[in-house]
Amino acid sequence: MTRFNELANGLQKNHKDLVGLIASLREALNGSDLKKGQVILERIEEAAAAHFRFEKDYLYPRMRRLVFNIMDRLSCQQETVRRFIKESKVTLSRGRNAGNRLRNISEALPVVSTYLNDCNDLA
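Anyway, here's the lowdown on the structure attached to this text.

Reading guide: rules and limits
- Residues numbered from 1 in each chain as written.
- Predicted model: local features only at pLDDT ≥ 70, side-chain atom pairs only at ≥ 80, totals over all residues.
- Heavy atoms only, no water.
- Salt bridge = Lys/Arg side-chain N within 4 Å of Asp/Glu carboxyl O.
- Helix = DSSP H or I, 4+ residues; strand = E, 2+ residues; numbered from the N terminus.
- Buried < 20%, exposed > 50% of the residue type's maximum accessible area, 1.4 Å probe, protein only.
- Axes fitted to C-alpha atoms, helices over the stretch in contact; angles between N-to-C directions.
- Parallel < 35°, antiparallel > 145°, perpendicular 65-115°, else oblique.
- Left-handed = near helix turned anticlockwise from the far one by under 90°.
- Contact = heavy atoms within 4.5 Å.
- Nonpolar A, V, L, I, M, F, W, Y, C, P; charged D, E, K, R; others polar.
- Core = buried A, V, L, I, M, F, W, Y, C linked by side-chain atoms within 4.5 Å.

### A short note on the pattern of salt bridges
And step 1. Taken as a whole, this structure holds three salt bridges when the rule is applied.
And step 2. Between Asp118 and Arg73 there is a salt bridge, with the nearest N and O atoms lying 3.7 Å from each other. Residue Asp118 is found in helix 3 (residues 100-122), and its partner Arg73 is found in helix 2 (residues 34-93); the two are separated by 45 residues along the sequence.
And step 3. A relative accessible area of 40% means that Arg73 is categorised as partly exposed.
And step 4. Between Glu79 and Arg82 there is a salt bridge whose closest N-O contact spans 3.8 Å. With a gap of three residues between them, Glu79 and Arg82 both fall in helix 2, about one helical turn apart.

### Quick notes on the packing of helix 1 (residues 2-30) against helix 2
And step 1. Here helix 1 crosses helix 2 at 155°, and the two axes come no closer than 9 Å. On the basis of their axis angle, the class for helix 1 and helix 2 is roughly antiparallel. Here helix 1 runs over helix 2; the crossing is left-handed. Together, Leu7, Leu11, Asn14, His15, Leu18, Leu21, Ile22, Ser24, Leu25 and Ala28 of helix 1 and Lys36, Gly37, Ile40, Leu41, Arg43, Ile44, Ala47, Ala48, His51, Phe54 and Tyr58 of helix 2 make up the contact between the two elements.

### Describing the packing of helix 2 against helix 3
And step 1. Put simply, helix 2 and helix 3 touch, their axes get as near as 10 Å, and they point 150° apart. The pairing of helix 2 with helix 3 is recorded here as roughly antiparallel in orientation. Of the two elements, helix 2 crosses helix 3, and the hand of that crossing is left-handed. The segment helix 2 lies against helix 3, with Ile70, Arg73, Leu74, Gln77, Gln78, Thr80, Val81, Phe84, Ser88, Thr91 and Leu92 engaging Arg101, Leu102, Ile105, Ala108, Leu109, Val111, Val112, Thr114, Tyr115, Asp118, Cys119 and Leu122.
And step 2. Classifying every residue of the contact of helix 2 with helix 3 by side-chain character gives 14 nonpolar, six polar and three charged.

### Points about unusual backbone geometry
Most peptide bonds take the trans form, and the phi angle of most residues other than glycine is negative.
And step 1. Even without being a glycine, Ser32 presents a positive backbone phi close to 55°.
And step 2. Looking at where Ser32 falls in the secondary structure, it is placed in the loop between helix 1 and helix 2.

### Concerning the nonpolar core
And step 1. Leu18, Leu21, Leu25, Ala28, Ile40, Ile44 and Ala47 together form the largest nonpolar core, which totals seven residues.
And step 2. Of all the secondary structure elements, the ones that give two or more residues to this core are helix 1 and helix 2.
And step 3. Among the elements that take part in this core, helix 1 stands out by supplying four residues, more than any other.
And step 4. The residues touching Leu18, leaving out its near neighbours within four places in the chain, are Ile44, Ala47 and Ala48.

Just geometry here; none of it tells us what the structure is for.
Right under this line is the structure:
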């Protein structure tokens, strides 16, 4: 967790630095101080390049893996819901003599709710 905190803090610091540099550039441009503007723009370029490397090398690969894992989990949950619906139709078509199978349907409903909540949270 410490490595994550270091990365998150570094990213936030980088953002703050860039925002500050942009404000400084705006002031330099408003004051027609082109030399100062050039120096600040160089610093912006360096900070942005470091930020872009972080995104490309660290953030994007992890985001791709996270999205893949989420999609895989939702796909498995969809299959579970499909199976639940199919089995429940059979059970309900058998009428009153279904007994324990009706209880099984009720007990499986939280799985359906979890899937719907997960999907809703993503949307």
